[in-house]
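Residues per chain are reported as follows:
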2 protein chains.
Amino acid sequence: MKRQVFDCQPGCPVESTLQIISGKWKSVILYHLLQEKVCHFGSLQRQLVNCSRRMLALQLKKLEQDQIIEKITYQDQPFKTEYRLTLQGQTLKPVILAMAVWGEKYNRLQKNK
Amino acid sequence: MKRQVFDCQPGCPVESTLQIISGKWKSVILYHLLQEKVCHFGSLQRQLVNCSRRMLALQLKKLEQDQIIEKITYQDQPFKTEYRLTLQGQTLKPVILAMAVWGEKYNRLQKNK
DNA sequence: CCGCATCCCGTCCGATACTG
DNA sequence: CAGTATCGGACGGGATGCGG
């Protein structure tokens, strides 16, 4: 592993998780992949309205390098690619889900203000 | 709320959670507060060995503004401050715990490589 | 001990244009 | 449609020093 962005104590488990899912958009990408199983580059981009093409590609590549997602490219014209979670990536489900659940409750609280 | 760093779709729950817990060190801070109930500034800094004083203060302030933690200052010399989770902050427990659990498993996997 | 202000530099990231 | 290369401005975040 190259750089350790989050070394609190060596081996802090939260730190380890952050190595993988921190980074702009990563967890949101994972959230959509959890819901839809398979996503095209374009459909992801439509969901993440404020994420640039460049940024989306970068984050997808990192997730792929960490073996959280895998990519399948079809050479047809026009090109098409599919992204899906790996088995390893699916183990992140409880983490992403916990975030989604908390966020929903939080949104409801905010609305009543 | 001032800026929306993560607008995927408006109201995306994962995005809402990220508004609160994304940011360098925030979730690690919360992790320690969950374990120890009350932390002094200094003890937090000792845990987060690579977090500068400036950075720690900044993140604590943000968490305080979002009413996730609360601060108590004792005016004795030398100064002392205590941080603890608010009730609202305690609702983040499932999120942080899920991250910790995943990180532990991940660490064990890495060790066997 | 705790926390803020200032300075300053490295990186992130958006805009744009180009390729398969 | 999916992805890469390059550039330049914005911002994050470290170092340092001051003040409660």
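See the structure shown above.
What this report covers is the structure whose coordinates are included nearby.

Parameters at a glance
Residues numbered from 1 in each chain as written. Chains lettered and ligands numbered in written order. Predicted model: local features only at pLDDT ≥ 70, side-chain atom pairs only at ≥ 80, totals over all residues. Heavy atoms only, no water. Near = heavy atom within 4 Å. Polar contact = N/O pair within 3.5 Å; in protein donor to acceptor, adjacent residues only side chain to side chain. Helix = DSSP H or I, 4+ residues; strand = E, 2+ residues; numbered from the N terminus. Nonpolar A, V, L, I, M, F, W, Y, C, P; charged D, E, K, R; others polar. Salt bridge = Lys/Arg side-chain N within 4 Å of Asp/Glu carboxyl O. Buried < 20%, exposed > 50% of the residue type's maximum accessible area, 1.4 Å probe, protein only. Pairing = 2+ DSSP bridges.

**What to know about the protein's contact with DNA strand C**
Inference 1: By nearness alone, 18 residues border DNA strand C, and Ser52, Arg54 and Phe79 of chain A together with Phe41 and Arg53 of chain B come closest of all.
Inference 2: Backbone sugar and phosphate groups make up 52% of those atoms of DNA strand C lying within 4 Å of the protein.
Inference 3: One nitrogen or oxygen atom from the main chain of Gly42 of chain B is found 3.0 Å from a phosphate oxygen belonging to DNA strand C.
Inference 4: Within the side chain of Arg54 of chain B, a nitrogen or oxygen atom sits 3.3 Å from a base oxygen of DNA strand C.
Inference 5: Counting residues per element, the ones that place at least two in the surface near DNA strand C are α4 (53–65) of chain A together with α3 (41–47), α4 (53–65) and β3 (80–85) of chain B.
Inference 6: Residues that form the surface near DNA strand C fall into these classes: seven nonpolar, four polar and seven charged.

**Here we look at the protein's contact with DNA strand D**
Inference 1: Neighbouring DNA strand D are 19 residues, the closest being Phe41, Gly42 and Arg53 of chain A together with Ser52 and Arg54 of chain B.
Inference 2: A distance of 3.1 Å separates a phosphate oxygen of DNA strand D from a polar side-chain atom of Lys61 of chain A.
Inference 3: Within the contact set of DNA strand D, a phosphate oxygen lies 3.4 Å away from a side-chain nitrogen or oxygen of Lys71 of chain A.
Inference 4: Listed by contribution, the elements that provide at least two residues to the surface near DNA strand D are α3 (41–47), α4 and β3 (80–85) of chain A together with α4 of chain B.
Inference 5: Looking at the surface near DNA strand D, its residues break down into six nonpolar, four polar and nine charged.

**Here's the deal with the pattern of salt bridges**
All names here are of chain B.
Inference 1: Summed over the entire model, instances satisfying the criterion amount to two salt bridges over all chains.
Inference 2: Between Glu82 and Arg84 there is a salt bridge; the shortest N-O distance is 3.3 Å.
Inference 3: Taking relative accessible area as the criterion, Glu82 reaches 13% and is therefore assigned buried.
Inference 4: Taking relative accessible area as the criterion, Arg84 reaches 29% and is therefore assigned partly exposed.

**What about the pairing of β3 of chain B?**
All names here are of chain B.
Inference 1: Relative to β3, strand β1 (residues 39–40) runs antiparallel, the two sharing two bridges. Paired with His40 across the two strands is Glu82, which belongs to β3.
Inference 2: Two elements, strand β2 (residues 69–74) and β3, share six bridges in a ladder whose sense is antiparallel. From the neighbouring strand, Lys71 faces β3, where its bridge partner is Tyr83.
Inference 3: The antiparallel pairing of β2 with β3 creates a hairpin that spans five residues between the two strands.

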